[in-house]
Structure formats: structure tokens, C-alpha cells
Amino acid sequence: MPAACDSVLEDIEDIVSAEDLKPHDRQFVRKNVFPKVRKRNSQKNTQTDDDPPSDSIIPGAQKIWIRTWGCSHNNSDGEYMAGQLAAYGYKITDNSAEADLWLLNSCTVKNPAEDHFRNSIKKAQEGKKKVVLAGCVPQAQPRQDYLKGLSIIGVQQIDRVVEVVEETIKGHSVRLLGQKKDNGKRLGGARLDLPKIRKNPLIEIISINTGCLNACTYCKTKHARGDLASYPIEELVDRAKQSFQEGVCEIWLTSEDTGAYGRDIGTDLPTLLWKLVEAIPEGAMLRLGMTNPPYILEHLEEMAKILNHPRVYAFLHIPVQSASDSVLMDMKREYCVADFKQVVDFLKEKVPGITIATDIICGFPGETDEDFQETMKLVEQYRFPSLFINQFYPRPGTPAAKMHQVPAAVKKQRTKDLSQLFHSYNPYDHKVGERQRVLVTEESFDSNYYVAHNPFYEQVLVPKDPLLMGKMVEVNIYEAGKHFMKGQPVSDARVYTASITRPLAKGEVSGLTEEFRHAAQNGTNWKAHPSAEIPIKTQPRSWMALQLPWQQEGGGVKILSVSLALLAVLVMFYYRGMKTEL
């Protein structure tokens, strides 16, 4: 049977047969066609002009529930995403049941945190909720089975959360996982002056850098946050000043390793801290985040001076993880126990009363009973007032997951033994009767007290007097527990008000610059640019990654080039076929 294309067509009209209708016949037939009127049920089809059709979707009108797990860096990311969504009209709700979309901001440090994250996804899907995923879990392993078909916003793409949410509400699956770069150099992340909703209007969390310089064998966060990338000092100082202008009285500096700050941009942590100290008003305080021993060793003298400053908490979080050098070597921690002790001993001598917090992993692969006993001796020696005890969990894709594991029962017992040692001493008993200056910033979990911190960032519970919130007051310590003290305000003492202005209301959006307000009112997206100080207008309320090639800048030239290339390929195959026939 001859193929349909065997005969050669001289003209396009050759495909029209004699039996086909001519153009004027078609026009005559159209004139004799009468539309049939369909009867409608007036009651069923009555619809007010104000109501949109039932199948229409108007982005920006939905309710969004945000859940964040993990570190203060992750919490800051969650605050930024909430602020941008609220600025564009979405309602951020604390009620997950009434939300149209769940934004789940994950942590990948330990298995239990990821299990909670996975269970929340399942619960959202069972409740027919739209889902957008964020944080370190999907960034590190976006191809996991339980993430298939779901929208993901990467840790460095949080400034595009509005676009991802909009497209997800429309039924699309969107994934933005790229890194932000300027002339090929990796940046710290999204802009710091984006809108945010602070969980606590009195506390501003500032991420000074992302990623780290280490390659710890147990760490999954490195897969998500990557190598070190620091924000410029000027941007960090500007963010701090803006926060104080919005009523903030306490700033937390955070990152995966604050001690490594600036090594990628030719500066260092002490230089940043001295600049920030200049911007802190009287009555406000600065808290420094976690730093690993190797990067603080070379700055000990300067760090001691900074931690003695009256507006900086004499507090430092230095994870030791283990007191065994062989275990530290297997972890690739790049320091030995002697280095850790040198840092702690020096700071305790130069900064009297300083609080040193640390982390310990129990049951790391290869840890022997002797190794663990060295860790017990270290805790007994320093009696850390704040100790984070973690049972080892092998994280998929890490070198430690492939090592010979310590039996589960042994890990559990070591964790229990260390916990018992930690709870065997009370670090604050000797402080009963002292008169301390404290900054009141939040409410206790049981809602019976306000929570304040003294200059050493030790927790002090004070009476729930609304006049105390956001103030620095003096108290007499009358009781001490394992994790707290209780204080009674001194009636004749001076009260400091740190705030330059009234703090924002809970849930109020901060950082709404005139440029952002203008962008929101005109329905344009706020597109981050490495050096821009103003928003760049993008396509109105649409996800730019969905643009077709001819919609993009220079797209016409690209399409023409591709078309010519395809035509050349077709011609080549045609002539090859002719040669074969000959």
C-alpha cells in the first residue's frame, strides 16, 4: 500500500477533492444554521457580579499556615517568607485547619525533625491542602519520593516565595533551588531588607552568612547551605539600624558558623561586631550565635573585649561534640580537645561570668567506652550551664552513615548517662540574692511569667507586668532552678527603654520600604538583585520561570536560531535519503 506521502503535491490545493465544499458553499450553509437557545435554571445560575466564577483562582486572597523547624537561621527565613506573603495580600494564619496552603520550612539536622516534616506533608495532602516546601530537607535531597510533585522554594530563593505560592495555588508544581551569585561569586542569600513578620516583634534574627568552611562527616546541613558566603558589613549594619527603628530591643546574629564570617569577602567577625556595637542603642542587647573552635581561636583577644561590652551578652555557643580526639578526627571537626579548652579557659579568664554553651553527640560511629568517658570528664570539669545532648542519627548521604554504627542500645544508654550528669548540678544556686540587670523580651511557655535575660544570657523569670515588656530593669534574684532564675523588680531602680520607637504589633509586617510598597500596589514582584537597592519590575504577579522562550528578553532571536538549526537538520536528512534511493 503506497504511503500517504508517496505522491508529489504540486500545490496545496491538490489536497482538496472535487467533492469538497467550495468557500461560497460553506458560507451559504452557515447562513442556514440557527443557534438553539438553552433554557437555564435562573435560581441555580444566579451569580452576583462581585463573586468570581467557582473555577477561578485569585492569588493573594488565600490563607497560609507556616510551620518552621530547626535553627534560628531557619526561623529567620520563615519570618522573611511570611512578611513577603503578607505584603502581597495573603493572610498568615495560626490555624492550620483554615489555611488554603501550608508552607513547611524544614530542618535536616536530625532524623526526628525530618520525620515531623514528612508527617506534616502527609497530613496536608490528606486535608486537601496546597503545599509548598522550604528549608534544608528539600534543598539537600529534592528527589526523595515523598517530595515528588510538590513545589519547593530553595534556601537561597526565599525572596521568590510569592511566585512559588501563586503558581502552587493555580495547581502548578514549581521548584526554585538555584544559588544566588554576583559575577560568578556566591552570595549570602536573599536581600536582608525584605519584608518580614517577626515571631517576636522585640527580637530581630540576622543571618550574617550562610554555609560553612567545614565538611563534617555527620552533617546534612552542608548539603543544603553549601560553602561559606557572607553578607557585606554595611548591609548587616543597615539591617540592625532598621530593626531598632521598628522597636526591636534584642538582636541575634546567626549562621551555620558565625566564627567563619567574612573569610570569603576579606573581613572577619570582630570587625563586624565592632561596627554593630556602634549602632546598638542604650538598653538594647546583641547576642552572638554559634561558632566552631578553629575560627574563634585567632580572634580570642578581640572577642573577649567585645563580649565584655555592656550591650553584648557575655555568651558564646561553642560546640565540642566529643572530648575524644579520635572521634573528632572521624567527624572531621578540624580541631582537638585542647583547642576547645584553650578557647573556653581564655574566655572564662578574660570575661568573668561568661556563659559557654556547647553540644555533644552521643554514640558517633566508632566511639568507644573510653572515648565517651573522656566526654563525661569534660562536662564534669566545666559544668556547662547550657548543654545540648544529641543521640547520633545517621543522615542519608553523609560519610558517617556508611561507618560502623554504635548499637542503638549503647547510644541510648550513653545519652541517658550524660543527661543524668548534666542534671546532677545546679549552675545558678549561688546567684540567689544577687541584684541583676535584665532585658524582658517574651512570655514563658506556661504563660505565668515574662522571660528576661541577664548580661550573661541566663534566663530570669519576672512577674507578668505589661510595663516591663521590652524594658531593661533591675531585679533581685530570689529563686533558682536548673534552667532559670526568678527575679523581683527593684522598685527604686532605673528602667531603660531600648526602643527608638513603638515596637510593631505581633503579626505586623516589618521592612516595608517605599519601593516595596510601590511594587506591591502595582502588582509587580520584588526581584532580588545582588547590587540593587530598589525593586526590579518583573512580569505582573506571574512566575518568571514559567516564561516561554519567546516571552523572555531576546527570545525572538533564540527562536529564530533554533528554527534555522532544525531546518538545516531536516534538509540534511532529506538529501541523505535522496542519495540512498539513487
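Everything quoted here is computed from the prediction, not taken from an experiment.

Trainee: Explain the packing of aromatic side chains to me, please; I cannot follow it from the model alone.
Mentor: This model, assessed by the stated rule, comprises 10 aromatic pairs. Judged by centre distance (6.2 Å) and plane angle (80°), the rings of Y218 and F364 are edge-to-face. You can see Y218 sitting in the loop between β10 (209-210) and α6 (221-225) and its partner F364 sitting in the loop between β15 (355-362) and α13 (369-382), a full 146 residues away along the chain. For the pair Y218 and F364, a shared accessibility class is recorded, and that class is buried. Three or more aromatic residues joined by ring pairs form one cluster here, namely W69, F117 and Y146. Note that R118 overlies the ring of Y146, its terminal NZ or CZ placed 4.6 Å from the centroid. Note that K196 overlies the ring of Y80, its terminal NZ or CZ placed 4.4 Å from the centroid.

Trainee: Help me out: how do you make sense of the pairing of strand β16 (residues 386-391) in this one?
Mentor: Regular strands place their side chains on alternate faces of the sheet. Of the strand pairs in this sheet, β15 and β16 are connected by 6 bridges, and their pairing is parallel. Among the inter-strand pairings, I361 is bridged to a residue of β16, identified as N390. Tracing the backbone out of β15, into α13 and back to the parallel element β16 gives a crossover that is right-handed.

Trainee: Just to check I follow, could you spell out the sheet that holds strand β12 (residues 250-254) for this structure?
Mentor: Two strands in a sheet stick together by hydrogen bonds in their backbones, pointing the same way (parallel) or opposite ways (antiparallel). Here 3 strands make up an open sheet; going across it, the order is β9-β12-β13 and the pairing parallel. Each edge of the open sheet is held by one strand with a lone partner, namely β9 (203-207) and β13 (285-287). Neighbour-to-neighbour, the strand axes of the sheet open up by a mean angle of 20°, direction not taken into account. Bridge count for β9 against β12 is 5 bridges, and the pairing is parallel. Within β12, the residue paired with I205 across the bridge is W252. Against the sheet, helix α7 (residues 233-245) touches β9 and β12, its axis set at about 170° to β9.

About the criteria used
- Residues numbered from 1 in each chain as written.
- Predicted model: local features only at pLDDT ≥ 70, side-chain atom pairs only at ≥ 80, totals over all residues.
- Heavy atoms only, no water.
- Phe/Tyr/Trp six-rings, centres within 6.5 Å; stacked < 30°, edge-to-face > 60°.
- Helix = DSSP H or I, 4+ residues; strand = E, 2+ residues; numbered from the N terminus.
- Buried < 20%, exposed > 50% of the residue type's maximum accessible area, 1.4 Å probe, protein only.
- Lys NZ or Arg CZ within 6 Å of the ring centre and 35° of its normal.
- Pairing = 2+ DSSP bridges.
- Right-handed = clockwise from strand over helix to strand, strands pointing away.
- Axes fitted to C-alpha atoms, helices over the stretch in contact; angles between N-to-C directions.
- Contact = heavy atoms within 4.5 Å.

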